[in-house]
2 protein chains.
Amino acid sequence: MSGAATYTDWIAVDWGTTRLRAWAMGGDGSLRAEATSDDGMGGLARDAFEPALLRLIEPWLGAQPMPVLACGMVGSRQGWAEVPYAAAPCAPGGLQPTPTPTNDARLRVFIMPGVSQARPADVMRGEETQIAGFLAEEPGFDGVLCLPGTHTKWVQISAGEIVSFQTFMTGEMFQLLAEKSVLRHGVAKGDLDAEAFTEAISDTLSKPEHLARRLFAIRAQAVLDGLTPEAARGRLSGTLIGAELAAAKPYWLGQSIVVIGAPRLSAHYAAALESQGLTARLKDGGPLTRAGLHRAYATISETTS
Amino acid sequence: MSGAATYTDWIAVDWGTTRLRAWAMGGDGSLRAEATSDDGMGGLARDAFEPALLRLIEPWLGAQPMPVLACGMVGSRQGWAEVPYAAAPCAPGGLQPTPTPTNDARLRVFIMPGVSQARPADVMRGEETQIAGFLAEEPGFDGVLCLPGTHTKWVQISAGEIVSFQTFMTGEMFQLLAEKSVLRHGVAKGDLDAEAFTEAISDTLSKPEHLARRLFAIRAQAVLDGLTPEAARGRLSGTLIGAELAAAKPYWLGQSIVVIGAPRLSAHYAAALESQGLTARLKDGGPLTRAGLHRAYATISETTS
């Protein structure tokens, strides 16, 4: 199969709990097209994964079998096929994708393993691929990666390996509190007030144990003092990220930090770290996912060509 | 109107965000009947309150106007009629209910005010009535009340007054995390494991800033180590109540504590306090609400008879 004659050489897939993202890729790792749907792992029964994938990528398929490399919750127990975790410490760049049988002969699907840690018990699925992509760019990196999201990860990297990591439910708590709790009446949907955010970071870092009290105070100040929805959103975000920073302090204190994720959320983390005197570098998560999957694509191309 | 000839002398109502509870009462404060519905304040438009109340209490009404004394979120901005807060410090036993106009001439509705605190900003609606009921029984009480619920209150009482109070979103966080977050897959619906609960209380009290990490660890241990759903429920409850105790320490340390609320939840708080060497007394919340409303009924009977 000649790369020059084929529009899509392989397909990169980031398949999380709520979203399915696919990218048509060239053999050199270049991006040629992209597509997204709401067919996240969370809403799919086991036999619904292949049809959901086909709905999204069918325009990119031809007569030849198409390699599809997928990472994320698609490899979990509730996913398309359970792919066992690799145990940390481990090199994310060396993780081997697992072939997954399909009904449609045009597909050759491979799913990346996640990474687990025994003590303290922790797991990741998807972030290991972004980290592999990051380490492909910066193989000599020694320091800490912060990957904010629904379940934010702090990861210590040394000598090309994930040495240890910790997960925080900050993103999911933010979403539940902003959208489902009594706070929903007074929290803005979009922008947050930057001053309220950094003030909440600082307050919460100094007394992190006051979390549940501070949360209700957002409601009380809205009722009594007319706290604006933007300030309430800033307070909520700053309170939760501040509590996370208090717990993750051993990870970031005096370290070189790179924040990997969606640009807007990453900027909040960078602002929070900056308020503590740290300068973090920001990297967009999407390109790193593709770079990590491209590394895995190279290994399967070698073994099958 | 002679009390002896009438089955119901007045009606006590506890009208919260999610539930409506009504009790048919004798003039002496005795309970004669009760009824409950899901017509909580949260689901009702302003003109839907009177019909919802009538649906529940119509069997208790006669030809004479019936005094109805209500407390809780029914008096909030989103309620039937907004009744201003009384500012703490204040004596809950002296709070005056506000008459609320009705369309049905058989009703004479009165709504209790809530209590607010300026610094730190905080509010309560409903608990002040339970506290009034408690102080009617124990007028000389000096110490701390803990009222667990969706929004748990810690209240310092002295000389018959609410001196100060703090609200924690513990109950609402527990419900959101147990039912709506990734933890829902592994958290039992009913009983919790008592050992996992007290261990989590102790862990969280010693490092309260680790909350968001500990929460995800419940998920990770379920995936990796087969943590049972009952142990997961114990860990979740213990982690959140432990974080609350860490923040509320100035309230309970070396104090005489009374826990007022639903018996099952109150027992969890008592167990948590016991693990810290404190013996708390337990009081069921329902009878205290009725006692508090009975005190208010006495004031309106005086002014109108």
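Treat the numbers as computed from the prediction; the structure is a model and nothing was measured.

It takes a turn of 180° to lay chain A on chain B, together with a shift of 0.0 Å along the axis; the resulting RMSD is 0.0 Å. Viewed as a symmetry operation, the transformation between the two copies matches a two-fold axis. It is E209 of chain A whose C-alpha, among those of chain A, lies nearest the rotation axis, at 2.8 Å.

Turning our attention to the side chain of E128 of chain B. Residues and elements named next belong to chain B. Within the secondary structure, E128 sits in helix α2 (residues 127-137). Here E128 is buried and forms no salt bridge, its nearest opposite-charge partner R125 lying at an N-O distance of 7.0 Å. Separated by 2.9 Å, the side chains of E128 and T129 make a polar contact. Not counting residues up to four positions away in its chain, the partners in contact with E128 are C71, P92, L95, M112, P113, G114 and V115.

With that settled, consider the domain arrangement of chain A. Residues and elements named next belong to chain A. Splitting chain A by domain gives domain 1 (3-139 + 287-304) and domain 2 (167-285). Taken over C-alpha atoms, the centre of domain 1 sits 31 Å from the centre of domain 2. Taken together, the contact pairs nine residues of domain 1 with seven residues of domain 2. Taken as a group, F134, P287 and L288 account for 47% of the area that domain 1 buries against domain 2, more than any other trio of residues on that side. A salt bridge links R281 to E138; the shortest N-O distance between them is 2.7 Å. Where domain 1 touches domain 2, the interface holds six residue pairs in polar contact (both at pLDDT 80 or more). When residues of the side of domain 1 that touches domain 2 are traced back to their parent elements, those giving at least two are β9 (122-124), α2 (127-137) and α8 (285-304). Along the lines of polarity and charge, the residues of the side of domain 1 that touches domain 2 split into four nonpolar, two polar and three charged.

All right, on to helix α1 (residues 49-57) of chain B then. Residues and elements named next belong to chain B. With seven of its nine residues buried, α1 lies for the most part within the structure. When α1 is considered as a whole, its buried residues turn out to be F49, E50, A52, L53, L54, L56 and I57. Against β1 (10-15), β2 (20-25), β3 (31-37), β4 (66-71) and β7 (107-111) lie the buried residues of α1.

We now examine the environment of E209 of chain B. Residue position: E209 of chain B is located in the loop between α4 (194-206) and α5 (211-225). C-alpha of E209 of chain B to C-alpha of A246 of chain B: the two residues are 37 residues apart in sequence and 9.7 Å apart in space. Apart from residues no more than four positions distant in its own chain, E209 of chain B is found in contact with P208, A243, A246 and A247 of chain A.

All right, on to the environment of A272 of chain B then. Residue and element names in this part refer to chain B. Within the secondary structure layout, A272 lies in helix α7 (residues 263-275). Under the relative-accessibility criterion, A272 is labelled buried at 0%. Taking the C-alpha atoms as reference points, A272 and A200, separated by 72 residues in sequence, lie 9.7 Å from one another. When sequence neighbours within four positions are dropped, the list of residues in contact with A272 reads F197, I201, I241 and L245.

Turning next to the packing of α5 of chain B against helix α6 (residues 229-252) of chain B. Residue and element names in this part refer to chain B. In contact at an axis separation of 10 Å, α5 and α6 are set at 175° when each is read in the N-to-C sense. In terms of orientation, α5 lies roughly antiparallel with respect to α6. Along its contact with α5, which presents L211, R214, L215, A217, I218 and Q221, the element α6 presents A232, R235, L236, T239, L240 and A243.

Right, let's talk about the interface of chain A and chain B for a bit. Each partner contributes residues to the interface: chain A has 44 residues there, and chain B has 44 residues. Contact with chain B buries surface across chain A, with M169, R213 and F216 of chain A losing the most and accounting together for 18% of the total. Between chain A and chain B we count two salt bridges in total. A salt bridge links D225 of chain A to R119 of chain B, with the nearest nitrogen and oxygen atoms 3.5 Å apart. Counting across the chain A and chain B interface gives seven residue pairs in polar contact (both at pLDDT 80 or more). Looking at the side of chain A that touches chain B, the element that brings in the most residues is helix α5 (residues 211-225) of chain A, giving twelve residues. Among the residues making up the side of chain A that touches chain B, the classes are represented as 24 nonpolar, ten polar and ten charged.

What counts and how
Residues numbered from 1 in each chain as written. Chains lettered and ligands numbered in written order. Predicted model: local features only at pLDDT ≥ 70, side-chain atom pairs only at ≥ 80, totals over all residues. Heavy atoms only, no water. Least-squares fit on C-alpha atoms with pLDDT ≥ 70 in both. Helix = DSSP H or I, 4+ residues; strand = E, 2+ residues; numbered from the N terminus. Buried < 20%, exposed > 50% of the residue type's maximum accessible area, 1.4 Å probe, protein only. Lys, Arg positive; Asp, Glu negative; His and termini not counted. Salt bridge = Lys/Arg side-chain N within 4 Å of Asp/Glu carboxyl O. Polar contact = N/O pair within 3.5 Å; in protein donor to acceptor, adjacent residues only side chain to side chain. Contact = heavy atoms within 4.5 Å. Domains from an automatic or database assignment. Buried area = accessible area lost by both parts, 1.4 Å probe. Nonpolar A, V, L, I, M, F, W, Y, C, P; charged D, E, K, R; others polar. Axes fitted to C-alpha atoms, helices over the stretch in contact; angles between N-to-C directions. Parallel < 35°, antiparallel > 145°, perpendicular 65-115°, else oblique.

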